[in-house]
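# Descriptive structure summary
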Amino acid sequence: MQSHPSYPILSPYLKKYPTSAASLFQTYNDITYAQEWKDITVVDLEDGGGFAEDFSYVFPCSLSEKFTFEQLQNAFSHLEIGQIFLAITSEDASIVYYKLSTGIVKPPV
Amino acid sequence: MSDEEAPIPLRVANKKAYVWDVEGGTLPHLSQQNVFLGLPLVLLPEETVLLVELGAAVLIDDPSAHDKPSSAQLEKWNEEQKESIKTQIALMETKNAKENSERVLSEEALRKRREREEKRRALAQAQAAEAAAQESSEASLFGGDAPTPAVTITGVGPSASAAAVNPQASSASVPYTITVAGPSSSLDWYTPNPHSHSTIESARAAGIWDYPSNLQERAQCGVFRGLWEQGNYLGVGIKFGGEYLVYPGDPLRYHSHFVATVIESPTTTLRPMEIVAHGRLGTATKKSHLLCGWDDEKKEVSYLSIEWAGFG
């Protein structure tokens, strides 16, 4: 892992959140190299900070993790946005993205 | 709801609420998945709670509303039954006689019947020749005294088999129907008013209703009401893997429908696999999935819509 180009960027977060490390690593690489998004930054929800409106947010999560409704809502209110992507990773490197939106939101036709 | 409309009576038996009255009609904003409604209609407990809370319905303790009938009431009921039976038999006999006379008039029909009977007799006699005594007595029934054509109708009227045995007797075997009224409101001894409850609490105190009784049930009531208040039409979601099927009420605002799942508290554990399962099911059934979180302390519902991202 240490020789991977993403490692220098991710290493502080991998150390701070060891249970989410694998998921974070996998998600970051998928977004960067497979989905080819631009201007990618890692945001630590605990540390706070201001964010630009036209960013998309991805919340990495492995299949073995658990969370509560409250935690999801906190993420929304903290970031002050209406939608986030949940990146669900598994040990065989499969990754699937779901869009979560607050409120009753119709999907585009 | 206008003042002229009385609350819909919901008849409660065994802690389930039934709609028996046609005048109650279909309940606005609460359509069922099965469009073909038949009486009695069983309501979801959440629907029942909502209707009573809105004052649109009252709960009737149905078993208690059936008083013991007085002897006068019983006599009257008995007389009415007898009248009904008499009328039915009279009608049936008139009908049979009319049909019989019509058949006799048709020569073609007569000729055909005779041919059929000839064939049957020949067949029966051939069988009787080889068979035991029992069969030969049956053959004699067919081939016996040539009764009048009106009575040898086999297998046509309800009195056919009786007539074959004894051609003379017919009215003794005419069947009649005993009608048991569906709704009890037609019975003289049914008195719903003293047993009517206009609040959930009063029904609970009377021991006839106990929903909601725990957090999960309170959450369901809360979510159901929350979705309904936004103008949605709600049905049972079992066909789509969720608790409720939500049809947004305003067709101009929404194109698609939702499947809703109730999350009973903000601290209930959710697993990512559930998100995947709900989301995938939604996509496959062309519906969106709605996670509805109930906060029992704030008595509030919050919504989270799940949709596949479309990439990855």
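Every value quoted in this text rests on a predicted model; they were computed, and no experiment measured them. (Residues numbered from 1 in each chain as written. Chains lettered and ligands numbered in written order. Predicted model: local features only at pLDDT ≥ 70, side-chain atom pairs only at ≥ 80, totals over all residues. Heavy atoms only, no water.)

## Some thoughts on the overall build of chain A
What chain A contains, in helices and strands, is three helices and four strands. When the helices and strands of chain A are read in sequence order from the N terminus, they spell out α-α-β-β-α-β-β. Evaluated residue by residue, chain A yields a buried proportion of 40% over its 109 residues. Taking as baseline every contact in chain A between residues at least 6 positions apart, the subset at least 24 positions apart corresponds to 53%. Taken as a whole, chain A presents about 6,300 Å² of accessible surface, with 52% of it coming from carbon and sulfur. (Helix = DSSP H or I, 4+ residues; strand = E, 2+ residues; numbered from the N terminus. Buried < 20%, exposed > 50% of the residue type's maximum accessible area, 1.4 Å probe, protein only. Contact = heavy atoms within 4.5 Å. Areas by Shrake-Rupley, 256 points an atom, 1.4 Å probe, with all protein chains shown as cover.)

## Structural notes on the UniProt feature "active site" (unreviewed entry) in chain B
The positions UniProt marks with the feature "active site" (unreviewed entry) are Y247(B), H255(B) and K287(B). Here Y247(B) lies in strand 7 (residues 244-247). (UniProt positions renumbered as here; feature names shortened; annotations may be inferred.)

## Side note on the confidence of the model for chain B
All names here are of chain B. Chain-level pLDDT for chain B is 77 on average; 76% of the residues reach the 70-or-more range. In this model residues 135-171 is a low-confidence stretch, pLDDT under 50, and it forms 31 contacts with partners more than four residues away in sequence or in other chains. The ipTM value of the predicted complex is 0.83, and its pTM value is 0.64. (pLDDT = per-residue confidence, 0-100.)

## Quick look at the interface of chain A and chain B
On the side of chain B, 36 residues touch chain A, which itself brings 33 residues to the contact. Between chain A and chain B, a total of about 3,000 Å² is buried, with carbon and sulfur atoms accounting for 69% of that surface. Per-residue buried area on chain A facing chain B is highest for F69(A), Y98(A) and I104(A); these three make up 28% of the total on that side. At the junction of chain A and chain B, the tally comes to one salt bridge. Notably, a salt bridge pairs K99(A) with E307(B), separated by 3.9 Å at the nearest N-O pair. (Buried area = accessible area lost by both parts, 1.4 Å probe. Salt bridge = Lys/Arg side-chain N within 4 Å of Asp/Glu carboxyl O.)

## As for the packing of helix 1 (residues 7-16) of chain A against helix 2 (residues 21-34) of chain A
When two helices pack together, their arrangement is captured by the angle between the axes and the distance separating the axes. All names here are of chain A. Two numbers describe how helix 1 lies on helix 2: the axes approach to 9 Å, and their chain directions differ by 155°. Considering the angle they form, helix 1 stands roughly antiparallel to helix 2. Of the two possible hands of crossing, helix 1 and helix 2 adopt the one that is right-handed. Facing I9, L10, Y13 and L14 of helix 1, the residues of helix 2 in contact are A21, L24, F25 and Y28. The residue makeup of the contact of helix 1 with helix 2, split by class, is eight nonpolar, no polar and no charged. (Axes fitted to C-alpha atoms, helices over the stretch in contact; angles between N-to-C directions. Parallel < 35°, antiparallel > 145°, perpendicular 65-115°, else oblique. Left-handed = near helix turned anticlockwise from the far one by under 90°. Nonpolar A, V, L, I, M, F, W, Y, C, P; charged D, E, K, R; others polar.)

## Side note on the sheet that holds strand 2 (residues 16-19) of chain B
Residues and elements named next belong to chain B. Across the sheet, five strands lie side by side as 3-2-1-4-5; this open sheet has mixed pairing. Looking at strand neighbours, the two that pair on one side only are strand 3 (41-42) and strand 5 (196-197), the edges of this open sheet. With two bridges joining them, strand 4 (residues 57-61) and strand 5 adopt antiparallel strand pairing. For L59, the partnering residue across the bridge sits in strand 5 and is H197. Of the strands in this sheet, strand 1 (8-13), strand 2 and strand 4 are in contact with helix 1 (residues 45-53), which crosses strand 4 at around 115°. (Pairing = 2+ DSSP bridges.)

## Points about the pattern of salt bridges
Residues and elements named next belong to chain B. Following the criterion strictly, the structure yields 16 salt bridges over all chains and no others. Where K82 meets E79, a salt bridge forms, and the shortest distance between an N and an O atom there is 3.8 Å. One end of the pair, K82, and the other, E79, are both in helix 3 (residues 71-105), three residues apart, so they sit about a helical turn from each other. Beyond isolated ion pairs, a larger network of salt bridges with shared partners links E108, R111, K112 and E115.

## Some thoughts on helix 3 (residues 69-79) of chain A
Residues and elements named next belong to chain A. Looking at helix 3, one finds that the buried residues are F69, L72, A75, F76 and L79. Angularly, the buried residues of helix 3 cover 130° about the axis, an arc narrow enough to put them on a single face. Looking one or two residues beyond helix 3, the residue adopting positive phi is E80, at roughly 55°. (Arc of directions from axis to C-beta.)

## A look at helix 4 (residues 107-130) of chain B
In this model, helix 4 of chain B (24 residues) spans 35 Å end to end at C-alpha, consistent with the 34 Å of a helix rising 1.5 Å per residue. Along helix 4 of chain B, the residues classified as buried are L110(B), R113(B), E117(B), A124(B) and A128(B). (Expected span 1.5 Å × (residues − 1).)

## Things to note about the packing of aromatic side chains
All names here are of chain A. Tallied over the full model, the rule gives five aromatic pairs over all chains. For the ring pair W37 and F85, a centre distance of 5.8 Å and an interplane angle of 70° mean the geometry is edge-to-face. Here W37 is found in the loop between helix 2 and strand 1 (58-62), whereas its partner F85 is found in strand 3 (residues 83-89), with 48 residues between them in sequence. For W37, a relative accessible area of 24% corresponds to the partly exposed category. Judged by its relative accessible area of 9%, F85 is buried. (Phe/Tyr/Trp six-rings, centres within 6.5 Å; stacked < 30°, edge-to-face > 60°.)

## What about the side chain of S23(A)?
All names here are of chain A. You can see S23 is positioned in helix 2. With a relative accessible area of 2%, S23 lands in the buried category. From its side chain, S23 meets the backbone nitrogen of C61 in a polar contact 3.0 Å long. Not counting chain neighbours up to four residues away, the residues in contact with S23 comprise P60, C61, S62, E65 and T89. (Polar contact = N/O pair within 3.5 Å; in protein donor to acceptor, adjacent residues only side chain to side chain.)

## Describing unusual backbone geometry
Here the bond from Y211(B) into P212(B) is cis, since omega is 0°, no more than 30 degrees from zero. Structurally, P212(B) is set in the loop between helix 7 (200-205) and helix 8 (215-229). You will see that E80(A), though not glycine, has its phi angle at about 55°, which is positive. Counting through the fold element by element, E80(A) comes out in the loop between helix 3 and strand 3. The phi dihedral of A93(A) is positive, around 75°, even though this residue is not glycine. Overall, the relative accessible area of 53% leaves A93(A) in the exposed class.

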